[in-house]
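For reference, the chains in residue letters:
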Amino acid sequence: MFNIILFGPPGSGKGTQSEKLIATYGLKHLSTGDLLRSEIAAQTPLGLEAKSFMDKGQLVPDEVVIGMISSALDQNPLAKGFLFDGFPRTEAQSVALDKLLKLKNTEIGVVLALDVSEEELVKRLLNRGITSGRSDDTNETVIRARITEYQQKTTVVANYYAGFDKVVHIKGEGTVDEIFTSLRSEIDQRLS
Ligand code: AP5
Ligand code: MG
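Residues numbered from 1 in each chain as written. Chains lettered and ligands numbered in written order. Predicted model: local features only at pLDDT ≥ 70, side-chain atom pairs only at ≥ 80, totals over all residues. Heavy atoms only, no water.

**Student:** A description of the layout of surface pockets should follow, citing residues and the corresponding values.
**Tutor:** Empty space within the largest pocket amounts to approximately 920 Å³. Along its surface, the largest pocket is lined by 42 residues, and Gly11, Lys14, Arg128, Arg134 and Arg146 are the ones closest to its centre. Elements with a minimum of two residues in the lining of the largest pocket: helix H1 (14-25), strand E2 (28-31), helix H2 (32-41), helix H6 (118-132), helix H7 (140-162) and helix H8 (176-191). The class makeup of the residues in the lining of the largest pocket is 10 nonpolar, 19 polar and 13 charged. (1 Å grid on protein atoms, 1.4 Å probe; cavity = no way out; pocket = protein on both sides within 12 Å on 5 of 7 lines; lining within 4 Å. Points joined across faces, edges and corners; volume = space filled by probe spheres on them. Helix = DSSP H or I, 4+ residues; strand = E, 2+ residues; numbered from the N terminus. Nonpolar A, V, L, I, M, F, W, Y, C, P; charged D, E, K, R; others polar.)

**Student:** Residues and numbers for the packing of helix H4 (residues 62-75) against helix H5 (residues 91-103), please.
**Tutor:** Between H4 and H5, the shortest axis-to-axis distance is 10 Å and the interhelical angle comes to 20°. When the axis of H4 is compared with that of H5, the two are roughly parallel. As for the relative orientation of H4 and H5, their crossing is right-handed in sense. On H5, the residues that touch Asp62, Val65, Ile66, Ile69, Ser70 and Leu73 of H4 are Ala92, Gln93, Ala96, Leu97, Leu100 and Leu101. Each residue belonging to the contact of H4 with H5 can be placed in one class, and the counts come to 9 nonpolar, 2 polar and 1 charged. (Axes fitted to C-alpha atoms, helices over the stretch in contact; angles between N-to-C directions. Parallel < 35°, antiparallel > 145°, perpendicular 65-115°, else oblique. Left-handed = near helix turned anticlockwise from the far one by under 90°. Contact = heavy atoms within 4.5 Å.)

**Student:** Describe the packing of H1 against H8, with residues and values.
**Tutor:** Packed helix pairs are specified by the crossing angle of their axes together with the interaxial distance, meaning the distance between the axes. Interhelical geometry of H1 versus H8 gives an angle of 45° and a closest axis separation of 10 Å. In terms of their interaxial angle, H1 and H8 are classed as oblique. Considering only the axes of H1 and H8, their crossing is right-handed. Touching Thr16, Gln17, Lys20, Leu21, Thr24 and Tyr25 of H1 are Val176, Asp177, Ile179, Phe180, Leu183, Arg184, Ile187, Asp188 and Leu191, all from H8. For the contact of H1 with H8, the class distribution of residues is 8 nonpolar, 3 polar and 4 charged.

Pasting the structure below:
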């Protein structure tokens, strides 16, 4: 089993690259943002609670997302590996993920961190907001709040995994295919 964390700020291309990576490596894609948006669409109590945080660009409480990931891991016992996108986002989530994977006799193989400048992030997200219908993309104030939340609460995740020598930084600007080639090269080195 080979498990990957695709790490990076809002708009860095995690979702875009995840689609290509799961098609190439046959991994199970687990995006907490996508799981939360499904809960909102289904109007579940969890979705309603999460929406109030997401609309403001704030992180949803740790216990909510950890619970979702825990059930997703249990629901996919035959997965070849998992691609985590947008999770973990705090040190508490990282510690919880490591414990959950240990229970399944596996671990994180590599953390691929996409580096993109703040101006490029804002430009991409405002542009996507024109068509995506995502409430957190429609105005620059919420987009900047998401980036601040990332800087204040999520950058620690990279430090946490750097302590286990698992982090590789990838230039996240350029064409989608150029970035995908860089990601593949790092994964292939570790699989061979
Ligand atoms: P989430 O859904 O995870 O959103 P995000 O991290 O804010 O990031 P995005 O999904 O917006 O960006 P991305 O990196 O996937 O980039 P994408 O490929 O889409 O989280 C949303 C919210 O849910 C959070 O704010 C929080 O409230 C909550 N949440 C989720 N997980 C949580 C957790 N673990 N803990 C607590 N709360 C949590 O690309 C962006 C745009 O750029 C697209 O339009 C794309 O077409 C374009 N693009 C991609 N690559 C390129 C390129 N190379 N060049 C030009 N444009 C590009
Ligand atoms: Mg995404």
